[in-house]
Amino acid sequence: MIKVTFLPDQVCVTAEAGESWLSVAARAGVEIPTGCRMGSCGACMVELENGEEIRACISTVAGDRPPAAGETDLHITAYVFRDPTW
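Everything quoted here is computed from the prediction, not taken from an experiment.

### Some words on the environment of Val 4
Considering the arrangement of structural elements, one finds Val 4 in strand β1 (residues 2-7). For the pair Val 4 and Thr 77, spaced 73 residues apart in sequence, the C-alpha separation works out to 5.7 Å. In contact with Val 4, not counting residues within four places along its chain, are Val 11, Cys 12, Val 13, Ala 15, Trp 21, Val 24, His 75 and Ile 76.

If you want it as structure tokens, here you go:
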């Protein structure tokens, strides 16, 4: 299992590798805005703790890196941008 924390809401939920970001966010009660649902409009932009920006509508939770030292589970922090025009 992968622990996912959504900022700025400070909501934490568990996910499985390969699960869609929109599904994980919905289960956590976090709304990620969407426009085109094809990744081209940028409404669903999420920034991961490592600085990587992803488009949540076409991306899945990756479980391909090891947990941090001292942790048994992988933990990913994602900052959800909220553009008032969406």
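### Quick look at unusual backbone geometry
Residue Leu 7 is joined to Pro 8 through a cis peptide bond whose omega torsion reads 10°. Position of Pro 8 relative to the elements: it lies in the loop between β1 and β2 (11-15). With a phi close to 60°, Gln 10 is a non-glycine residue in the positive phi region. Note on Gln 10: relative accessible area 59%, which makes it exposed. A positive phi angle, close to 60°, is found at Arg 37, a residue other than glycine. Here Arg 37 falls in the exposed class, since its relative accessible area comes to 54%.

### A look at the pattern of salt bridges
Counting across every chain of the model gives 1 salt bridge. Across the salt bridge formed by Arg 27 and Glu 19, the nearest N and O atoms sit 2.5 Å from each other.

### Comments concerning the sheet that holds β2
The 5 strands lie next to each other as β2-β1-β5-β3-β4, forming an open sheet whose pairing is mixed. Strand pairing shows two members of the sheet lacking a second neighbour, β2 and β4 (53-55), which therefore form its edges. Here the average twist between neighbouring strands, direction ignored, is 30°. Here β1 pairs with strand β5 (residues 74-80) via 6 bridges, running parallel. Its bridge partner being in β5, Phe 6 is matched across the sheet by Ala 78. Across the sheet, helix α1 (residues 21-28) touches β1, β2, β3 (45-48), β4 and β5, and the angle it forms with β2 is around 130°.

Conventions adopted
Residues numbered from 1 in each chain as written. Predicted model: local features only at pLDDT ≥ 70, side-chain atom pairs only at ≥ 80, totals over all residues. Heavy atoms only, no water. Helix = DSSP H or I, 4+ residues; strand = E, 2+ residues; numbered from the N terminus. Contact = heavy atoms within 4.5 Å. Buried < 20%, exposed > 50% of the residue type's maximum accessible area, 1.4 Å probe, protein only. Salt bridge = Lys/Arg side-chain N within 4 Å of Asp/Glu carboxyl O. Pairing = 2+ DSSP bridges. Axes fitted to C-alpha atoms, helices over the stretch in contact; angles between N-to-C directions.

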